[in-house]
Amino acid sequence: MNNQDFSVSKILTIFRRWHLCFIIPFLMVFIATVSYISNLKIFKSEAIVLFESNYIPLEEYFTLLDKFEDQPVQITRSLLYGKPVKRIVNAVWPETIGNEVVENGKIAYLRSRNGVQIRFQRDNPQALSVDFSNTDPYLAFKVVKETLIQLVEHNKEVTSNRLQTGVEFLKQEVEKTRVELSQIEQDIVRVRSGLPLQILQEHDKQFQSIEKILDLAPMNYDIEKNLEKALNFSESVSELEFQVEIAKKEMEQLEADLKSKEYLNNADDLEKVLNANQDSELASLNQRLIAKKQEISELTSKGFLLAHPDVLAATKEIESLNNLKKTKLGTLQSGLNKENTELAQLRLEKLQTKKIEDKVQEIQLLNDRLEVTRAYQSKFDDKNVSLDDKLKELSGRKSKLIELESQKIVASHSYAQMSKRLAVMQRENSIDQDKFGLSVKIVEQPQLPKTPIALAGLPTMIMVLAITFGALFMIASVIAMFDTRIYSIAQLSAIVNKPVLGAVDSFGLKSKSLQQRKIYYLSAAGLAVYSIIVWLYFS
Amino acid sequence: MWQKTKDFFKNFSQEYFINDLANSPLSPQLIAYHDPHCYVSQQYNQIAGSLLHNKELKNMRSLLITSPQPADGKSTTVSNLAISLASHYNQKVLLVDADWRRPQLGRFFSHTELRPLPEDSSVSPELRDYIFDTPIPDLSILPVVPKENWIEFILDILPDLESDFDLVLIDSAPIMKVVDATLIGRVVSAVVLVVRGQDTPSYMITEAEQILNSNSCPSKACILVNNPNSVDVYNYLVNPHYRRYYTNYYGEYGHDRTKPVAPPKIRSEKNSADLVD
């Protein structure tokens, strides 16, 4: 290989020497390009989709920025990746189903620069245009149509996902609020009762679910009273013991009444059993009794003693009214038949039994409280808590209670709001699409294109010719690089370093120019035939 | 219209011969014989002159023509050079065909046209059976005949041939293929390398030179044939413009050997005066 004189001039010499070898391919490419572009008919199908809401979820839909005429525009990528694009390809080209290689090829084609164009219009950022160009008008139409279908489907999927995510989120928030509420309620109870939380939890089983917490009845004992009792444990314990004793005596009395059947004379129970409220006479007696009792209570509240004549008169009247009532009830009882009489007695007995059971339960509760109070008392006694400390704790608990009450109000409010929203979502199974930008409307449906669009052929032609010329230049360069043959006397004398006697031109039986002319004619004829074939092929 | 088309295709496929070469028994390759005034013949004359007047080749008696690879144009070159030396420079030339594997000279000069040497020839009687006269005066040829050890035979008779002729031109086989050229090259006065333009690679020329030098062959000069930077010689005969140019400067002599040489055209007095001024 002789690279000594490899230069542009040598390349140009190669061009000149084998000009036909370069001109003919160049013309062939030129003719093919012109024929192809002249006969190329591109059909474009287009559709416009309008996002009806002001908010467009860019982070989910339009993940990339592209430049269109030097203006940045968002383009839809999610449609051309993943499942949607596969669905589009399978719908447009059914033969790709099961053939992954062909399917991927089509997907790459749809994603390419000549593929589906999905971009927002510059004059209206809410309007999304979808277009596709192809030589086959039906294919262009079908691709755009399927893309729109998948856009709508994609919307549905995104909506469903958002719904699920929203429900999950709300459920978590509700659970968190429920736990928070539970904690607050427990704190409140602890502060109110002044009892250790551990003991409280053993006795109060109602803090297990949020529903029960929300339906909690208000505390039926006063905090100050309770705490004062807590401060005077000895008094509290004795009082509780006294209450237990009273309750036990009451229970004994009730049991004794049950044995001696005194309960049958109980006017109130009898009235209930006989269902005597409907009797007008008894009703007027009851009203008069209530009025008299009210009168006595008013008098005592005003400071009148029981020995006061008015109070005594009222008391006597009440007694007479009670007697009348008993008489009336006895009349009603005697008017009953045998079966009803037995039934009434049974009911009375049941009422009495119920009273005894209630009393037993009350004693049990009192015993529990007594036990807890004793434990608390012993705890304080062990620690030698002074009176100041107890007062300090009292004030601290009061402020803590106020704070917890306010927290409870806030937590209850938010819980109620979230529960309501969750219930609405689960009931309607939908979310506010306008708010999430998922409400789309197809403004312009795709049409089957009937006339081809104008094609900018000149740039393509120039590009192809430039590429061809470049390729030919490369070939000439390679030839020049590897060509070591002799072309002149100077070249020969430089190699052999001897005198060159002379040079003889080529000669033969046929004229060189005529041979060359023959080649020209043949080349021209070949190019003409080639042009016709190429034109017919592309048209 | 049809006739025009027919003529077009007839001309298209026509082969152009010089001076009715189709009727000549000698090969059309012998252009120095057929058209001694054409451009190529002039180039051969120039090379022949260089051979005779070159300082290094001045007293040479035998010349070996070889080339690096086959079909480079050795036989055509040596034949035309011999014709040019004999006819133009009045040298008594013997053309020896040493390429017995692919003999060309006998075909070029047509065996039927070869004649035995005259009685008064200085050539020894043993060689008269091998050497023939050609239609060209002062040019004899030693074509290949069926004989064993043809190269050794040539080497044996070469001193006699050098004494009998002014110049012995030997056409040999290519130097890169067989050793014939190197065998003969050791005994000849000079070796000339023929290089075919736009065909022979430079590395082959270098290798051929190295072979000649290593075998002590007196390599003296080169000739470039099939020169790429040339004009179509046939244009001088076919194209009217070139033909007029050609005939103005060279006249019509040489085309018909029986006619006397035509004198050059005399310029008008006015033109001569202009030239003098």
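Reading guide: rules and limits
Residues numbered from 1 in each chain as written. Chains lettered and ligands numbered in written order. Predicted model: local features only at pLDDT ≥ 70, side-chain atom pairs only at ≥ 80, totals over all residues. Heavy atoms only, no water. Helix = DSSP H or I, 4+ residues; strand = E, 2+ residues; numbered from the N terminus. Contact = heavy atoms within 4.5 Å. Areas by Shrake-Rupley, 256 points an atom, 1.4 Å probe, with all protein chains shown as cover. Pairing = 2+ DSSP bridges. Salt bridge = Lys/Arg side-chain N within 4 Å of Asp/Glu carboxyl O. Buried < 20%, exposed > 50% of the residue type's maximum accessible area, 1.4 Å probe, protein only. pLDDT = per-residue confidence, 0-100. Axes fitted to C-alpha atoms, helices over the stretch in contact; angles between N-to-C directions. Parallel < 35°, antiparallel > 145°, perpendicular 65-115°, else oblique. Nonpolar A, V, L, I, M, F, W, Y, C, P; charged D, E, K, R; others polar. Core = buried A, V, L, I, M, F, W, Y, C linked by side-chain atoms within 4.5 Å. Patch = residues over 30% accessible without salt bridge, like charges linked within 9 Å, V, L, I, M, F, W, Y side chains within 5 Å. Phe/Tyr/Trp six-rings, centres within 6.5 Å; stacked < 30°, edge-to-face > 60°. Lys NZ or Arg CZ within 6 Å of the ring centre and 35° of its normal.

1. Section: the overall build of chain B
Along the backbone of chain B there are 11 helices and eight strands. Within chain B, counting contacts between residues at least 6 apart in sequence, those at least 24 apart form 73% of the total. As presented, chain B carries roughly 14500 Å² of accessible surface, and 50% of it is formed by carbon and sulfur atoms.

2. What about the pairing of strand S1 (residues 43-51) of chain A?
All names here are of chain A. Of the strand pairs in this sheet, S1 and strand S5 (residues 127-134) are connected by eight bridges, and their pairing is antiparallel. Bridge assignment links phenylalanine 43 to a residue of S5, and that residue is asparagine 134. Summarising the sheet, S1 and strand S6 (residues 440-444) pair through four bridges and their orientation is antiparallel. Considered in S6, the bridge of isoleucine 48 is made with glutamate 444.

3. What to know about the pattern of salt bridges
All chains considered together, the criterion is met by eight salt bridges over all chains. One salt bridge in this structure joins lysine 292 of chain A and glutamate 295 of chain A, with 3.3 Å as the shortest N-O distance. Here glutamate 295 of chain A and lysine 292 of chain A lie together in helix H12 (residues 280-301), a separation of three residues that amounts to about one turn. For aspartate 180 of chain B, the salt bridge identified is with arginine 101 of chain B, shortest N-O distance 2.6 Å. Placement of the pair is aspartate 180 of chain B in helix H7 (residues 180-185) and arginine 101 of chain B in the loop between strand S2 (93-97) and helix H5 (105-108), with a sequence separation of 79 residues. Taking relative accessible area as the criterion, aspartate 180 of chain B reaches 5% and is therefore assigned buried.

4. Quick word on the confidence of the model for chain B
Residues and elements named next belong to chain B. With 75% of its residues at a pLDDT of at least 70, chain B reaches an overall mean of 79. Ranking the elements of chain B by mean pLDDT puts helix H11 (residues 269-276) last, at 42, and strand S6 (residues 167-171) first, at 94. Within the model, the stretch residues 14-19 combines pLDDT values under 50 with 12 contacts to residues more than four positions away or in other chains. Of the regions scoring below 50 in pLDDT, residues 250-277 engages in 16 contacts with residues more than four places distant in sequence or in other chains. Interface confidence for the predicted complex, expressed as ipTM, amounts to 0.76; the pTM equals 0.49.

5. Comments concerning the packing of helix H4 (residues 83-92) of chain A against helix H5 (residues 100-111) of chain A
Residues and elements named next belong to chain A. Between H4 and H5, whose axes approach to 10 Å, the crossing angle comes to 110°. The orientation of H4 with respect to H5, classified from their angle, is roughly perpendicular. Contact residues: Val85, Lys86, Ile88, Val89 and Asn90 in H4; Glu103, Lys106, Ile107, Leu110 and Arg111 in H5. Along the lines of polarity and charge, the residues of the contact of H4 with H5 split into five nonpolar, one polar and four charged.

6. Considering the nonpolar core
Within the largest apolar cluster, 40 residues are counted, with the highest numbers of intra-cluster contacts made by Leu95, Phe109, Leu139 and Leu169 of chain B. Judged by nonpolar contacts, the second largest core, of 38 residues, contains Leu492 and Val496 of chain A together with Leu64 and Leu193 of chain B.

7. Examining the pairing of strand S5 (residues 139-142) of chain B
Residue and element names in this part refer to chain B. Burial along S5 is two-sided: Leu139 and Ile141 facing one way and Ser140 and Leu142 facing the other are all buried. One ladder, built from four bridges, connects S2 with S5; its direction is parallel. Paired with leucine 95 across the strands is isoleucine 141, a residue of S5. In terms of strand pairing, strand S4 (residues 132-133) meets S5 through two bridges, oriented antiparallel. Each residue of the ladder has a partner; that of aspartate 133, found in S5, is serine 140. The hairpin turn running from S4 into S5, its antiparallel successor, is five residues long, and aspartate 138 in that turn takes a positive phi close to 65°.

8. Observations regarding a nonpolar patch on the surface
Residues and elements named next belong to chain A. On the surface, a nonpolar cluster with roughly 270 Å² of combined accessible area is contributed by Val478, Met481 and Phe482. Counting through the fold element by element, valine 478 comes out in helix H17 (residues 457-482). Looking at valine 478, the relative accessible area reads 41%, which means it is partly exposed.

9. Quick word on the packing of aromatic side chains
Given two aromatic rings, their pairing is described by the distance between the two centres and the angle made by the two planes. Going through the model one piece at a time under the given rule, you end up with 10 aromatic pairs over all chains. Ring centres of phenylalanine 15 of chain A and phenylalanine 469 of chain A lie 6.3 Å apart, and the angle between their planes is 5°; on these two criteria the pair is classed as stacked. Taken together, the residues span a long stretch of sequence, with phenylalanine 15 of chain A in helix H1 (residues 8-17) and phenylalanine 469 of chain A in helix H17 at a distance of 454 residues. Given the relative accessible area of 16%, phenylalanine 15 of chain A is considered buried. Overall, the relative accessible area of 46% leaves phenylalanine 469 of chain A in the partly exposed class. On the numbers, 6.4 Å between centres and 45° between planes, the contact of tyrosine 138 of chain A with phenylalanine 141 of chain A is tilted. Taken together, the residues tyrosine 138 of chain A and phenylalanine 141 of chain A, both in helix H6 (residues 137-193) and three residues apart, mark about one turn of the helix. Grouped by ring-pair contacts, the aromatic residues Phe15, Phe22, Phe26, Phe469 and Phe473 of chain A constitute a single cluster. Over the ring of tryptophan 93 of chain A we find lysine 106 of chain A, and its NZ or CZ is 4.7 Å from the ring centre. Its guanidinium or amino end placed over the ring of phenylalanine 165 of chain B, lysine 92 of chain B lies 5.3 Å from that ring's centre, counting from NZ or CZ.

10. Focus: unusual backbone geometry
Residues and elements named next belong to chain A. A positive phi is found at asparagine 497, a non-glycine position, where the angle reads about 60°. Tracing the backbone through its elements, the reader meets asparagine 497 in the loop between helix H18 (489-496) and strand S7 (500-505). Given a relative accessible area of 68%, asparagine 497 falls into the exposed group.

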